[in-house]
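# Architecture at a glance
Listed here are the chains, written in short residue letters.
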Amino acid sequence: MFQTLYSCFWWERLWLPANLTWADLEDRDGRVYAKASDLYVTLPLAFLFLVVRHLFETYVATPLAGLLNVKEKIRLKAAPNAVLEKFYAATTKHPKQADVEMLSKKSGCTVRQVERWFRRRRNQDRPSLLKKFREARVTLAPVWARPVHGEGVCGLWGAEGPQDTWVDTREGLEPPQGGCPSSPLALQSMLPSQYWYYMIELSFYWSLLFSIASDVKRKDFKEQIIHHVATIILISFSWFANYIRAGTLIMALHDSSDYLLESAKMFNYAGWRNTCNNIFIIFAAVFIITRLVILPFWIMHCTVVYPLDLYPPFFGYYFFNFMMVVLQSLHIFWAYLIIRMAQNPPPPFPPQVVEDERSDREETDNSEEEEEAAKNGPLSNGHPILNNNHRKTD
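So, a few notes on the structure that sits alongside this text.

Cut-offs used in this document
- Every chain begins its residue count from 1, and numbering advances along the sequence as written.
- Reporting of local features is limited, given that this is a predicted model, to residues whose pLDDT is at least 70; pairs of side-chain atoms are given and counted only at 80 or more, and all residues count toward the totals for whole chains, interfaces and linings.
- Processing note: side-chain calculations cover all non-hydrogen atoms of the structure and skip hydrogens and water entirely.
- Numbering of helices and strands runs from the N terminus, with a helix taken as a DSSP run of H or I at least four residues long and a strand as a DSSP run of E at least two residues long.
- A simple rule labels every residue: compare its accessible area, found with a 1.4 Å probe on the protein chains alone, to the largest value its type can have, and call it buried under 20%, exposed over 50%, or partly exposed in between.
- Any pair of residues with heavy atoms lying within 4.5 Å of one another is described as a contacting pair.
- Every accessible area reported is derived by Shrake-Rupley at a probe size of 1.4 Å, with residue values counting cover from the shown protein chains alone.
- Here a pair means two rings of Phe, Tyr or Trp (six-membered ring of Trp) with centres within 6.5 Å. Their orientation is stacked below 30 degrees between planes, edge-to-face above 60, and tilted elsewhere.
- A pairing counts as a salt bridge when a side-chain nitrogen of Lys or Arg comes within 4 Å of a carboxyl oxygen of Asp or Glu.
- To define axes, lines are fitted to C-alpha atoms, for helices over the stretch in contact only, and angles between the resulting N-to-C directions are given on a 0 to 180 degree scale.
- An angle counts as roughly parallel when it lies under 35 degrees, as roughly antiparallel when it exceeds 145, as roughly perpendicular when it falls between 65 and 115, and as oblique in every other case.
- Helix crossings fall into two classes, left-handed where the near helix is turned counterclockwise from the far one by less than a right angle and right-handed where it is turned clockwise.
- Residue type decides the class: Asp, Glu, Lys and Arg count as charged, Ala, Val, Leu, Ile, Met, Phe, Trp, Tyr, Cys and Pro as nonpolar, and the leftover types, Gly among them, as polar.
- Residue types Ala, Val, Leu, Ile, Met, Phe, Trp, Tyr and Cys, when buried and joined through side-chain atoms within 4.5 Å, form a set referred to as a nonpolar core.
- Here a cavity means grid points, on a 1 Å grid over the protein atoms only, where a 1.4 Å probe fits yet cannot get out; a pocket means an open set of points with protein on both sides within 12 Å along at least five of seven lines; lining residues are those with an atom within 4 Å of a point.
- Grid points are joined across faces, edges and corners, and a volume is the space filled by probe spheres set on the points.

## Here we look at the overall build of the protein
Helices and strands together make up the secondary structure of the protein, namely 14 helices and two strands. With 394 residues in all, the protein has 43% of them scored as buried. Sequence-distant contacts in the protein: of pairs separated by 6 or more residues, those separated by 24 or more amount to 76%. Surface accessibility of the protein: about 21500 Å² in total, with carbon and sulfur atoms responsible for 61%.

## A closer look at the packing of aromatic side chains
Ring pairs (aromatic) are described by centroid distance and by the angle formed between their planes. For the coordinates displayed, the defined rule picks out 31 aromatic pairs. Ring centres 5.3 Å apart and planes at 20° place the aromatic pair Phe47 and Phe210 in the stacked group. Within this pair, whereas Phe47 is found in helix α3 (residues 42–67), its partner Phe210 is found in helix α9 (residues 192–211), the two being separated by 163 residues in sequence. When its relative accessible area of 49% is taken as the criterion, Phe47 is described as partly exposed. Using a relative accessible area of 36% as the deciding quantity, one classes Phe210 as partly exposed. A ring pair is formed by Phe333 and Trp334, whose centres lie 6.5 Å apart and whose planes are at 55°; its orientation type is tilted. Given a relative accessible area of 29%, Phe333 falls into the partly exposed group. Of the aromatic side chains, those joined through ring pairs into one cluster are Phe9, Trp10, Trp15, Trp22, Phe237, Phe240, Tyr243, Phe315, Phe319 and Phe320.

## Remarks on unusual backbone geometry
Even without glycine at this site, Asn242 takes up a positive phi of about 70°. Relative to the elements of secondary structure, Asn242 occurs in the loop between α10 (221–240) and α11 (244–269).

## Examining the pattern of salt bridges
A full pass over the atoms with the stated rule returns four salt bridges. When the shortest N-O distance is used, the salt bridge between Arg112 and Glu115 registers 3.6 Å. Residue Arg112 and its partner Glu115 are located together in helix α6 (residues 111–125), separated by three residues, close to a single helical turn. Exposure remark for Arg112: the relative accessible area of 18% places this residue in the buried category.

## Overview of the packing of α9 against α11
Across the interface, α9 lies against α11 with an axial gap of 11 Å and an inter-helix angle of 55°. Judged by the angle between their axes, α9 and α11 are oblique. As for how α9 packs across α11, the hand of that crossing is left-handed. Of α11, the residues touching α9 (which contributes Gln194, Tyr197, Tyr198, Glu201 and Tyr205) are Ile244, Gly247, Thr248, Met251, Ala252, Asp255 and Asp258. Each residue belonging to the contact of α9 with α11 can be placed in one class, and the counts come to six nonpolar, three polar and three charged.

## What to know about the environment of Arg75
Position of Arg75 among the secondary structure elements: in the loop between α3 and α4 (82–90). Taking the relative accessible area as the measure of exposure, Arg75 reaches 26% and is therefore partly exposed. Each C-alpha atom of the pair Arg75 and Gln124 lies 7.3 Å from the other, and the pair is 49 residues apart in sequence.

## Side note on the nonpolar core
Membership of the largest hydrophobic core comes to 21 residues, with the highest contact counts inside it found for Phe237, Tyr243, Leu295 and Met324. Within the residue set of this core, elements represented by two or more residues are α10, α11, α12 (273–304) and α13 (315–343). In terms of residues, this core owes the most to one element, α13, which gives five residues.

## Some points on empty space enclosed by the protein
Taken as a whole and judged by the stated rule, the model has three cavities of 30 Å³ or more. Reported here for the largest cavity is a volume of approximately 140 Å³. If you trace the largest cavity, you find 15 residues lining it, with Thr231, Leu234, Ile235, Ile250 and Met251 closest to the centre. When residues of the lining of the largest cavity are traced back to their parent elements, those giving at least two are α9, α10, α11 and α13. The element best represented in the lining of the largest cavity is α11, accounting for five residues. Tallied by class, residues from the lining of the largest cavity come to nine nonpolar, four polar and two charged.

Structure (structure tokens):
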């Protein structure tokens, strides 16, 4: 039964166009082609990434945070209270007013004390500034392999053809001279640098998926999971179906803005507001240009329209482009958040760091005085200031 399922999954008509078989993608005449079995190495590499990440956080990111004066806010801990803790863990972290009044009676605390307890308890669960800084540093991990990335991407420049793939993306699907026109994916051999580019990128996204539960949890947590899964599927499929050139272009476009975002986060946590804002402006421009212009109107146009001139559509064609649409939908969602961040900073722009729309606003104990001021007017040493414009009446 297993063998039957295996044969059905790897049926050539599912993943390859007509007149192309897996035998056509076997190594020959000094040419090396991508193989599905190569992807097995990405799983142990992903766990190696996690080990390196731990060492990097401990021995590099933490000392660097100290040098950049990344300071933690002092958070007051919530006093132990079994009734409130049970409600916090089992029901909700944000009780409604009716729940607060009910908990006040059960716990013997005042309504104000219950509200303060939940605020402090939520603050205890929020990731520290140091954790956010270290995570931003670790997300820059693929930059360690930047020489490999650069060689893999530059390998597309004039590779095996009169045109180069960066100028005409059709070259990403064209066979070299002598290739079978009805089988454009065949005979596109692989460069060693492209092999490592794929293995490092795929391993890194596997490691992100494995660690997402322990990383800083943002409002787009579900979208992040969908993004990681879609990216892993796209990278894997483009590898064993030999869409290497198109896959390399797509990964390069994503990398170009990811580094800028994580760098902006680091300077934000370090308090370098002007540097953070300047990098964020560059990031927003690069993100919109690469993911909302180049990717859909250049690369996706090539993967959707041009293949139909070479062979009839097949399952792999629909599958690949469907996953590209999923990825592009996430790009539109994140672009909306980026535009919101760019449009809503305090004037004049940019006087201070733009707030990440994906993050929950941090509640501090200083907010207690602000709430009292909103209810009772300005406070002086914790007491309301009398309004001297009106006479006191008995």
